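Each chain, letter by letter, is given below.
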Amino acid sequence: MKVIRFILLCISPFLGIFNCYSSAGLLCNNSDLGKDNILTILNSDNSIYLEFSLLGDINPKLPETFNPYAIDIPNDIFLIEVIREDKDRYQVSIGNGQSKFISKSENSLKYYSWTNFILSYDYNSIIVDKKKNPVRVLPTENSKKVLYIDYDTYTIYGKKIVGDWLKVEVQDIESIENFKTYGWVKWKDKDKMLIDFRFYD
């Protein structure tokens, strides 16, 4: 998601959303550990570029040029894009066309391919453009829209990926009726990501 910044650029102050699908996936904070870990980010020669706590310090002092995919330490959110990997390290994007490295022995982060992230990461909801990329009945751009969806308040989860299309479950978890429906959205178009993510209410 990042050789170019998303066509939509930053949608929220902490999401740091980038709209290119050319990266391999994401490294995400590994909340399963349940303990504090110091994340170490390396320069290409393995010298230390940056170290900070993912749990202990809720407001770490970070360089202004450090702009990962999403960061909100008080809410346990840290995601950084993986450009490529070798046997020992992930090359990661820190924004503004710059990259650094994270060792594969770093156990405070867990790697997700984009498809695994969409289907299994614990985000709050997928965000879709209701005008340009609404939820449709079938996985084609000519298919009818699924009706009665409040895109601002309903939650949308990825259920199945078929090529560029994502089957989604749409819920109104606040309603007494517990409204639920299904449909399809196009999640990528060549090297551009067409969906975003909300990580908490």
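Quick notes on the rules
Residues numbered from 1 in each chain as written. Predicted model: local features only at pLDDT ≥ 70, side-chain atom pairs only at ≥ 80, totals over all residues. Heavy atoms only, no water. Helix = DSSP H or I, 4+ residues; strand = E, 2+ residues; numbered from the N terminus. Buried < 20%, exposed > 50% of the residue type's maximum accessible area, 1.4 Å probe, protein only. Contact = heavy atoms within 4.5 Å. Pairing = 2+ DSSP bridges. Core = buried A, V, L, I, M, F, W, Y, C linked by side-chain atoms within 4.5 Å. Axes fitted to C-alpha atoms, helices over the stretch in contact; angles between N-to-C directions.

Visitor: Explain the environment of Val92 here, please?
Guide: Position of Val92 among the secondary structure elements: in strand β6 (residues 89-95). On the accessibility criterion, Val92 (0% relative accessible area) is buried. On a C-alpha basis, the gap between Val92 and Ile102 in space is 7.1 Å, while along the polypeptide they are 10 residues apart. Contact partners of Val92, with chain neighbours within four places excluded, come to Leu27, Ile80, Glu81, Val82, Ile83, Gln98, Ser99, Lys100, Phe101 and Ile102.

Visitor: So what exactly am I meant to see when it comes to the pairing of β6 here?
Guide: Looking down a regular strand, the side chains alternate between one sheet face and the other. Of all seven residues making up β6, seven are buried, and the element is well covered by its neighbours. Both strand β5 (residues 77-85) and β6 contribute to a ladder of three bridges, which runs antiparallel. Residue pairing in the sheet places Arg84 in a bridge with Gln91 of β6. Where β6 lies against strand β7 (residues 98-103), six bridges are found, and the strand directions are antiparallel. Note that in β7 the partner of Gln91 across the bridge is Phe101.

Visitor: How should the nonpolar core be read in this particular structure?
Guide: Across soluble globular proteins, nonpolar side chains have a tendency to be buried as a group. The biggest cluster of nonpolar side chains holds 29 residues, and the ones touching the most others in it are Leu79, Phe117, Ile126, Ile195, Phe197 and Phe199. Residues in contact with Phe117, not counting those within four places in the same chain, are Leu26, Cys28, Leu79, Tyr112, Tyr123, Phe197 and Phe199. The next biggest cluster of nonpolar side chains, apart from the first, holds 16 residues, and it includes Leu27, Ile41, Phe66 and Ile80.

Visitor: For this particular structure, what's the right way to read the sheet that holds strand β10 (residues 155-162)?
Guide: Remark on secondary structure: sheet strands pair via backbone hydrogen bonds, oriented parallel or antiparallel. Read across the sheet, three strands follow the order β10-β11-β12 without closing on themselves; strand pairing throughout is antiparallel. Two strands close off the open sheet at either side, each with one partner strand: β10 and β12 (180-186). Sheet twist, expressed as the average angle between the axes of neighbouring strands with direction ignored, equals 30°. Examined bridge by bridge, strand β11 (residues 165-171) and β12 share seven bridges and lie antiparallel to one another. Residue Val168 lies in a different strand from β12, and its bridge partner there is Gly183.

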